[in-house]
Amino acid sequence: GPGHGTGLGLSLVYSMVKAHKGQMELSSEPGHGTRVILRFPAINATVIEAEPVVEPVVDLPTGSLSVLLVDDDDLIRGSLQEILNVLGHRAVTASSGEEALALLEGGAQPDVVILDMNMPGLGGLGTLPRLRLLRPTVPVLLATGRADQTALDLIEAHRGVTLLCKPFGMKALQSLLESIAAGRNPPPAR
């Protein structure tokens, strides 16, 4: 359900261990936790020093958008706010849909809203329709790590909403914000 894992973690670990011809041993005791031991075969190979990775230079625009960033995760909210600042945008943050709606009711006029889909309380599903009543035309980037049918239906039901798939990079976010600043409908983020 919302706010819980998908239950795929252990399955994915097991698949990766098997793909590398390894073994996985699990033991669990009530009140003492779970112990996981992963074993992989040793290889007889020469270690080659990797060349340093050169990151591509990103042209930083002189952004000017006012962004309402809505995410319940402190780490995501803080790091995304820093990225928005580096890109030249002004970010106001809210840790819930309810807090975001209160900011809008209080007169906040963002140029764009980045709205997390999966949050406690109203979440993106409950926040977006209310947001649309308060700001019918503001562009919304609906951020989610799980683009399920609920998210797709929400985008279909509301104009000016673009799916922003997590995890996303600075360049993808920059591109979407540049499209919005130029008055174009942003393409779906990948």
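The following paragraphs examine the structure supplied in this document. The numbering scheme is per chain: residues are counted from 1 as the chain's sequence reads. Note on the predicted model: pLDDT of at least 70 is required for a residue's local features to be given, and 80 or more for side-chain atom pairs to be given and counted; whole-chain, interface and lining totals, by contrast, use all residues. To obtain the side-chain values, all non-hydrogen atoms of the structure were included, while hydrogens and water were left out.

### Some thoughts on the overall build of the protein
Put simply, DSSP H or I for four residues or longer makes a helix, DSSP E for two residues or longer makes a strand, and each gets a number counted from the N terminus. A count of helices and strands for the protein gives six helices and seven strands. Listed by position from the N terminus, the elements making up the protein come as α-β-β-β-α-β-α-β-α-β-α-β-α. Contact between two residues is taken to exist if any of their heavy atoms lie within 4.5 Å; hydrogens are not considered. Taking the intrachain contacts of the protein between residues at least 6 apart in sequence as the baseline, contacts between residues at least 24 apart amount to 57%. Each accessible area is a Shrake-Rupley estimate made with a 1.4 Å probe; only the visible protein chains count as cover when residues are assessed. Accessible area for the protein stands at about 12200 Å²; split by element, carbon and sulfur atoms hold 56% of it.

### Describing unusual backbone geometry
Of note, the bond from K166 into P167 is cis; its omega dihedral lies within 30 degrees of zero at -5°. Structurally, P167 can be placed in the loop between β7 (161-165) and α6 (170-181).

### Observations regarding the sheet that holds strand β3 (residues 66-70)
Between any two strands, at least two bridges found by DSSP are needed for them to pair. Here five strands make up an open sheet; going across it, the order is β4-β3-β5-β6-β7 and the pairing parallel. This sheet does not close on itself; its edge strands, each paired only once, are β4 (90-94) and β7. Taking the axes of each pair of neighbouring strands and ignoring which way they run, one obtains an average angle of 20° across the sheet. Axis lines are fitted through C-alpha atoms, for helices just across the contact stretch, and the angle between N-to-C directions can take any value from 0 to 180 degrees. Along the sheet face, α6 touches β5 (112-116), β6 (140-144) and β7 and points at about 160° away from the line of β6.

### Things to note about the pairing of β3
Each residue is placed in one exposure class: buried if its accessible area under a 1.4 Å probe, protein chains only, is under 20% of its type's maximum, exposed if it is over 50%, and partly exposed if it falls in between. Of all five residues in β3, five are buried; the element is thus mostly enclosed. Side chains of β3 alternate between two faces, with S66, L68 and V70 and V67 and L69 buried alike. Looking at chain direction, β3 and β4 are connected through five bridges and run parallel. Bridging across to β4, L68 finds its partner in V92. The definition of a right-handed crossover adopted here requires that, viewed with the strands pointing away, the path from the first strand over the helix to the second runs clockwise. With helix α2 (residues 74-86) bridging β3 and the parallel β4, this β-α-β connection has right-handed handedness. Sheet topology places β3 next to β5; four bridges connect them, and they run parallel.

### Brief notes about empty space enclosed by the protein
The rule is simple: put a 1 Å grid over the protein atoms alone, call a set of points where a 1.4 Å probe fits but cannot get out a cavity, call an open set with protein on both sides within 12 Å along at least five of seven lines a pocket, and count a residue as lining if it has an atom within 4 Å of a point. Grid points are joined across faces, edges and corners, and a volume is the space filled by probe spheres set on the points. Under the definition given, this model contains one cavity of 30 Å³ or more. Considering only enclosed or pocket space, the largest cavity measures out at about 30 Å³ in volume. In terms of lining residues, the largest cavity is bounded by L69, V70, D71, I76, L80, I114, A143, K166 and F168. Broken down by secondary-structure element, the contributors of at least two residues to the lining of the largest cavity are β3 and α2. Residues that form the lining of the largest cavity fall into these classes: seven nonpolar, no polar and two charged. Three classes are used: nonpolar for Ala, Val, Leu, Ile, Met, Phe, Trp, Tyr, Cys and Pro, charged for Asp, Glu, Lys and Arg, and polar for all others, with Gly counted as polar.

### A few points about the side chain of R77
Relative to the assigned elements, R77 resides in helix α2. Relative accessible area serves as the criterion here: at 13%, R77 is assigned to the buried category. Of note is the side chain of R77, whose polar atom sits 2.6 Å from the backbone oxygen of D71. Sequence-distant contacts of R77, defined by excluding residues within four places in its chain, comprise L69, D71, D72, T93, A94 and S95. For this analysis, a polar contact is any N or O atom pair within 3.5 Å, provided that within protein one partner can donate a hydrogen and the other can accept it, and provided that sequence-adjacent residues contribute only side-chain to side-chain pairs.

By themselves, these observations are geometric and do not establish any function.
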